[in-house]
Amino acid sequence: MFTLEQIYSAHAKVKSGADFPAYVQELIQLGVSSYSIYVENGRTEYRGNHNFTVTSDAQYPLMAVAPKGDKHKLGHALKIHQQGQTDYLTFCRQAAEAGVERWTVDMQKMTCEYFDKWDKVLVKEKIPAA
């Protein structure tokens with residue numbers, strides 16, 4: 001089983017979206033099978049084997065999530081974040097402005113899906129190899 005402290009230690013190494021694939025690999029080694037980040041406040045639910053779940057507290061003050069998803073705005077935010085042009089909090093703010101309610105990373109499928117408030121997938125990405 002993994003702990004929030006182990007996850008935070010792995011996350012501390014992430015400086016931009018360019019570091020994301022290595023972060024995912026480290027979480028897999030810890031036993032995380034998927035996680036969901038709720039953009040409104042950064043609360044994250046990490047899931048592992050046998051229904052094991054660990055949930056973090058809010059990570060930042062509340063952000064208003066746009067009522068309608070905009071996949072083009074999200075696509076631009078993702079592109080510049082993955083190029084290392086924005087930090088994590090900036091990306092979260094841009095995701096909120098694009099109407100992202102949460103994103104879910106699935107380590108078995110190696111995908112990251114961004115959902116709006118109506119549980120509609122705005123963008124689905126394959127996670128590149130580290």
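Heads up: the structure comes first, above all this text.
None of these values were measured; they are calculated from a predicted model. (Residues numbered from 1 in each chain as written. Predicted model: local features only at pLDDT ≥ 70, side-chain atom pairs only at ≥ 80, totals over all residues. Heavy atoms only, no water.)

Our next topic: the packing of helix α3 (residues 71-82) against helix α4 (residues 88-97). Where α3 contacts α4, the two axes come as close as 9 Å, and the packing angle between them is 170°. Taken together, the axes of α3 and α4 are roughly antiparallel relative to one another. Along its contact with α3, which presents Lys73, Leu74, Ala77, Leu78, Ile80 and His81, the element α4 presents Tyr88, Phe91, Gln94 and Glu97. When grouped by side-chain class, the residues that make up the contact of α3 with α4 number 6 nonpolar, 2 polar and 2 charged. (Axes fitted to C-alpha atoms, helices over the stretch in contact; angles between N-to-C directions. Helix = DSSP H or I, 4+ residues; strand = E, 2+ residues; numbered from the N terminus. Parallel < 35°, antiparallel > 145°, perpendicular 65-115°, else oblique. Contact = heavy atoms within 4.5 Å. Nonpolar A, V, L, I, M, F, W, Y, C, P; charged D, E, K, R; others polar.)

On to the side chain of threonine 44. Relative to the assigned elements, threonine 44 resides in strand β2 (residues 43-48). Judged by its relative accessible area of 4%, threonine 44 is buried. Only 3.1 Å separates the side chain of threonine 44 from the backbone oxygen of glycine 42, close enough to count as a polar contact. Setting aside anything within four residues of it in sequence, one finds threonine 44 in contact with Tyr35, Ser36, Ile37, Val54, Thr55 and Ser56. (Buried < 20%, exposed > 50% of the residue type's maximum accessible area, 1.4 Å probe, protein only. Polar contact = N/O pair within 3.5 Å; in protein donor to acceptor, adjacent residues only side chain to side chain.)

Looking now at the nonpolar core. Membership of the largest hydrophobic core comes to 34 residues, with the highest contact counts inside it found for Tyr35, Leu74, Trp103 and Tyr114. For this core, the secondary-structure elements that each account for two or more residues are α1 (4-11), α2 (20-30), β1 (32-38), α3, α4, β4 (102-106), β5 (111-115) and β6 (121-126). For this core, the element with the highest residue contribution is α4, accounting for 4 residues. (Core = buried A, V, L, I, M, F, W, Y, C linked by side-chain atoms within 4.5 Å.)

Okay, α3 next. The end-to-end C-alpha distance of α3 is 16 Å, a good match for the 16 Å that 12 residues give at a rise of 1.5 Å each. For α3, every residue scored as buried is listed here: Leu74, Ala77, Leu78, Ile80 and His81. Where α3 is buried, its residues touch α4, β5 and β6. Capping of α3 at its N-terminal end is provided by aspartate 70; its side-chain oxygen lies 3.1 Å from the backbone amide nitrogen of histidine 72. Positive phi appears at glycine 84, one or two residues downstream of α3, with a value of about 85°. (Expected span 1.5 Å × (residues − 1).)

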